[in-house]
Amino acid sequence: MMQPNTLMLPALLTLLLSAGSAAAKTPPKVSAQQFVDLQQGNSLFAGFRRAHAKGLCVSGEFRSNGELAPYSSASLFKAGVTPFVGRLSIAGNNPTAPDLKAPVRSLALSFSLSRTEQWRLAMNTPPVMAVADPHTFYQQIQAIQAGPEAIQQFFAAHPESSEFRTWAAQYKPSGSFAGETYHSINAFYLINSDGQQQAVRWALMPTVTADTMAFDGDNALQQEISARIAEGPVVFNWVFTLADASDDENNATKAWPASRRQVNAGQIVLTGTAAQLESNCHGINFDPLVLPSGIKATADPILRARSAAYAESYRRRAKEQFQGALEESSHD
Amino acid sequence: MTKPTRFPLSMRLFHWGMAALMLAMLTAGLLMVKSLEPWQLNVLNLHKAFGLLALLLVSLRLVNRLRQQLPALPDSLPAIQKAIARASHYLLYGLMFAMPLSGYAMQYFAGRPVEVFGWFRLPAALEVNIGLYSLFREMHGILALALVALIMLHIAGALHHHVIRKDKVLKSML
Ligand code: HEM
Ligand code: HEM
Ligand code: HEM
């Protein structure tokens, strides 16, 4: 046995200290409720989403060319047409926020394939996350809420945010929802009928450019897209990127190399718009973990955190809406 | 015919098997709604599948119970306490049905098909109904707390019989 000696003391101390600093790097764990409280902020907009509160409903169809069918048994990838209900939104908790001030724009889709097969997708304009897990993401949102200095400090302390920052520095918001690229950010597995699995990310690529903003005011983007779709359909190409064995599907901060194989599965065509409270997208929880057979969730910690948080937000707003509806009907 | 002093084996198996299952379901439910960890999705899927299994089991258990001779409660027990004991068992059955039914109903109206152990999927509404989702979601949460409270009373009652009254009630279920 080793005798305790004075030399061991500094060694022990270094060990303790390094354990201490490692602990400081691991962010404290937050619950789904704490996360949604933070997103909700101090002003409550009863009945609205705690994130991406402002948006409008869209309807349309996916025109599949069949190219993805060898990779996934999900029915919508066979050549053919599948309708969807969708929602265009901007990030933030405020359902009346000015459209052009939001840093992130989004598109969510819901495919009601059959009574036993549903697919919900929620996509954002950035291709990657700044951080790799929900607890650090919580700290990022705290920093965003604290102001520009805090977020600079946060980014400096989080080198994993470098790809996100590079994207943000060159990103130019389009003059239209129709001109944006919407990314899955998180990776998923496609499963084909032989049970083979392929990790993918996808993006909806615009087919038009809109360099200038034709409208102004708080609802500029909503007015623009409503006017545009009234003129004719808005089309995106649905492009899947296939991971290599060397790519990490569980880290949303790193894009895969541009040389990876891409498959264009067909076109997402938007054909109608409606105010969110007057149409059917408001009642949907676009939880990206609602998946049909032929698609599976990866273990990406960001992706895995989304289901519980979306459920908490959905529960809160559904209850507010339900109670509001009860109050209204009791006034009749 | 004299009443048995012990619950028949089938009822004892149902009782302890389902006691473990219900306690596991409650624990899993309460933990998973808070968690942002990667296991949350797996536990959620297991919760739904085992919850539906519990619905099947409690149905079989009820049918089985109706066909069995139950041991009588001790004669020394006042009528009112016997009535309360009986009512609490009916309530436990009610909640063992209401929990999985409200759970499935909330998923149904949220338009989320339930996958059972990867074997098959149960249907969901094609169009979401957020009001009915909310009704059953809140019901699932409130009834879960009622069930936790009732189980604690139930266990306290069993221990009261065994430790204080020193009668055969707990033994009748062992
Ligand atoms: C840990 C990470 C994340 C958390 C905790 C989170 C949380 C939330 C919550 C609570 C909602 C409101 C849900 C509702 O009430 O229906 C929401 C909406 C949304 N999120 Fe996330 N989110 C996360 C990551 C992401 C990522 C990576 C993306 C994009 C790829 C994304 C895109 C969206 C979109 C598009 C919506 C609005 C969907 C709609 O129109 O209803 N989120 N998010
Ligand atoms: C034996 C029956 C069951 C028990 C004891 C049980 C218990 C629970 C509990 C305690 C919670 C947490 C509630 C809260 O904190 O508000 C919960 C949540 C939940 N349960 Fe169950 N459950 C059962 C069956 C089911 C079934 C059959 C389903 C669906 C098929 C289901 C789906 C859910 C879902 C989706 C949640 C999470 C809801 C959310 O995140 O908003 N449960 N359950
Ligand atoms: C782990 C602690 C538990 C103990 C010590 C316990 C003990 C007992 C005892 C002694 C009886 C017989 C009572 C009588 O003859 O009147 C009984 C019956 C019963 N218990 Fe429990 N129990 C426990 C957990 C549970 C749980 C978790 C449930 C359901 C959620 C439950 C449901 C029932 C029901 C429904 C009966 C009536 C008999 C039947 O139809 O099976 N018990 N329990």
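Values in this document were obtained by computation on a predicted structure and should not be read as measured data.

Undergrad: Go over the overall build of chain B with me, naming the residues and quoting the values.
TA: Counting secondary structure elements, chain B contains 4 helices and 2 strands. When the helices and strands of chain B are read in sequence order from the N terminus, they spell out α-α-α-β-β-α. Principal axes of the C-alpha set define a box for chain B whose edges measure 55 × 30 × 30 Å. Long-range pairs, those at least 24 residues apart, make up 73% of the contacts in chain B with a sequence separation of at least 6. Surface accessibility of chain B: about 9700 Å² in total, with carbon and sulfur atoms responsible for 73%. Put simply, chain B has 17 plus and 6 minus side-chain charges, and the middle of one group is 14 Å from the middle of the other.

Undergrad: Talk me through the coordination of the iron atom of ligand 1; I want residue IDs and the actual numbers.
TA: Of all protein atoms, just one serves as a donor to the iron atom of ligand 1, and that atom is Tyr310 of chain A (OH), at 2.1 Å. By the element assignment, Tyr310 of chain A lies in helix α7 (residues 301–331).

Undergrad: Describe the site of ligand 2, listing the residues and the values that go with them.
TA: Around ligand 2 sit 26 residues in total, of which Met32, His47, Gln107, Arg137 and His140 of chain B are the nearest. More than one chain approaches ligand 2, the contributing ones being chains A and B. Here an oxygen atom of ligand 2 and a side-chain polar atom of Arg137 of chain B are 2.6 Å apart. Among the secondary structure elements, those contributing two or more residues to the shell around ligand 2 are α7 of chain A together with α1 (9–32), α2 (40–66), α3 (79–109) and α4 (130–165) of chain B. Classifying every residue of the shell around ligand 2 by side-chain character gives 16 nonpolar, 7 polar and 3 charged.

Undergrad: Go over the site of ligand 1, please, and point to the residues and values.
TA: Residues and elements named next belong to chain A. For ligand 1, the set of nearby residues contains 26 residues, the closest of which are Arg49, Arg87, Tyr310, Ser313 and Arg317. Separating an oxygen atom of ligand 1 from a side-chain N or O atom of Arg87 is a distance of 2.6 Å. Within the side chain of Arg306, one N or O atom sits 3.4 Å away from a nitrogen atom of ligand 1. Those elements giving two or more residues to the shell around ligand 1 turn out to be α2 (32–40), β3 (105–114), β4 (117–124) and α7. By residue number, the principal contributor to the shell around ligand 1 is α7, which donates 8 residues. Along the lines of polarity and charge, the residues of the shell around ligand 1 split into 14 nonpolar, 8 polar and 4 charged.

Undergrad: Report on the nonpolar core, specifying residues and quantitative values.
TA: Among the nonpolar cores identified, the biggest contains 44 residues, and Phe77, Phe111, Trp119, Trp238, Phe240 and Ile268 of chain A are the most heavily contacted of them. In terms of residues, this core owes the most to one element, strand β8 (residues 234–242) of chain A, which gives 5 residues. Residues Met22, Leu95, Ala144 and Leu147 of chain B belong to the second largest nonpolar core, which totals 16 residues.

Undergrad: Could you give me a rundown of the interface of chain A and chain B, with the residues and numbers involved?
TA: Facing the 41 residues of chain A at the interface are 30 residues of chain B. For the pairing of chain A and chain B, the buried interface totals around 2900 Å² over both sides, and the portion due to carbon and sulfur atoms is 54%. On the chain A side of the contact with chain B, Arg115, Arg304 and Arg315 of chain A bury the most area, a combined 26% of that side's loss. Taken together, the links from chain A to chain B amount to 4 salt bridges. A salt bridge links Glu138 of chain B to Arg315 of chain A, with the nearest nitrogen and oxygen atoms 2.9 Å apart.

Undergrad: Now, about the UniProt feature "domain: Cytochrome b561 bacterial/Ni-hydrogenase" (unreviewed entry) in chain B: what can you tell me, with residues and values included?
TA: Mapped onto this structure's residue numbering, the UniProt feature "domain: Cytochrome b561 bacterial/Ni-hydrogenase" (unreviewed entry) falls at residues 6–174 of chain B. Taken end to end, residues 6–174 of chain B is 70% helix and 4% strand, and its first and last C-alpha atoms sit 8 Å apart.

Undergrad: Please give an account of the UniProt feature "transmembrane region" (unreviewed entry) in chain B that cites residues and values.
TA: All names here are of chain B. Feature annotation in UniProt places "transmembrane region" (unreviewed entry) on residues 12–33, 45–63, 90–110 and 143–164, given in this structure's numbering. In the segment residues 45–63, helix accounts for 100% and strand for 0%; the C-alpha atoms at its two ends are 28 Å apart. Regarding residues 143–164, the helix share stands at 100% and the strand share at 0%, and the terminal C-alpha atoms are separated by 30 Å.

Undergrad: Explain the coordination of the iron atom of ligand 3 to me, using residue names and the numbers behind them.
TA: All names here are of chain B. All of the protein donors around the iron atom of ligand 3 are His15 (NE2) and His154 (NE2); their distances to the metal are 1.9 to 2.0 Å. Around the iron atom of ligand 3 sit 6 donor atoms, and with donor-metal-donor angles ranging over 88 to 179° the site reads as octahedral. Linking His15 in helix α1 with His154 in helix α4, this pair joins segments that are 139 residues apart in sequence. Under the relative-accessibility criterion, His15 is labelled buried at 13%.

Undergrad: Help me get a handle on the confidence of the model for chain A, residues and values and all.
TA: Any region with low pLDDT has predicted coordinates that should not be read closely. Residues and elements named next belong to chain A. Averaged over every residue, the pLDDT of chain A is 92; the share at 70 or more is 91%. Per-residue pLDDT stays below 50 along residues 1–7; that stretch engages in 2 contacts with residues further than four places along the chain or on separate chains. Confidence drops under pLDDT 50 across residues 12–24; counting only partners more than four residues distant or on other chains, this segment forms 0 contacts.

The rules behind each value
Residues numbered from 1 in each chain as written. Chains lettered and ligands numbered in written order. Predicted model: local features only at pLDDT ≥ 70, side-chain atom pairs only at ≥ 80, totals over all residues. Heavy atoms only, no water. Helix = DSSP H or I, 4+ residues; strand = E, 2+ residues; numbered from the N terminus. Contact = heavy atoms within 4.5 Å. Areas by Shrake-Rupley, 256 points an atom, 1.4 Å probe, with all protein chains shown as cover. Lys, Arg positive; Asp, Glu negative; His and termini not counted. Charge placed at Lys NZ, Arg CZ, Asp CG, Glu CD. Donors = N, O, S within 2.8 Å, 3.2 Å for Na, K, Ca; no water. Near = heavy atom within 4 Å. Polar contact = N/O pair within 3.5 Å; in protein donor to acceptor, adjacent residues only side chain to side chain. Nonpolar A, V, L, I, M, F, W, Y, C, P; charged D, E, K, R; others polar. Core = buried A, V, L, I, M, F, W, Y, C linked by side-chain atoms within 4.5 Å. Buried < 20%, exposed > 50% of the residue type's maximum accessible area, 1.4 Å probe, protein only. Buried area = accessible area lost by both parts, 1.4 Å probe. Salt bridge = Lys/Arg side-chain N within 4 Å of Asp/Glu carboxyl O. UniProt positions renumbered as here; feature names shortened; annotations may be inferred. Tetrahedral: all angles 85-135°; square planar, octahedral: opposite > 155°, others 65-115°. pLDDT = per-residue confidence, 0-100.

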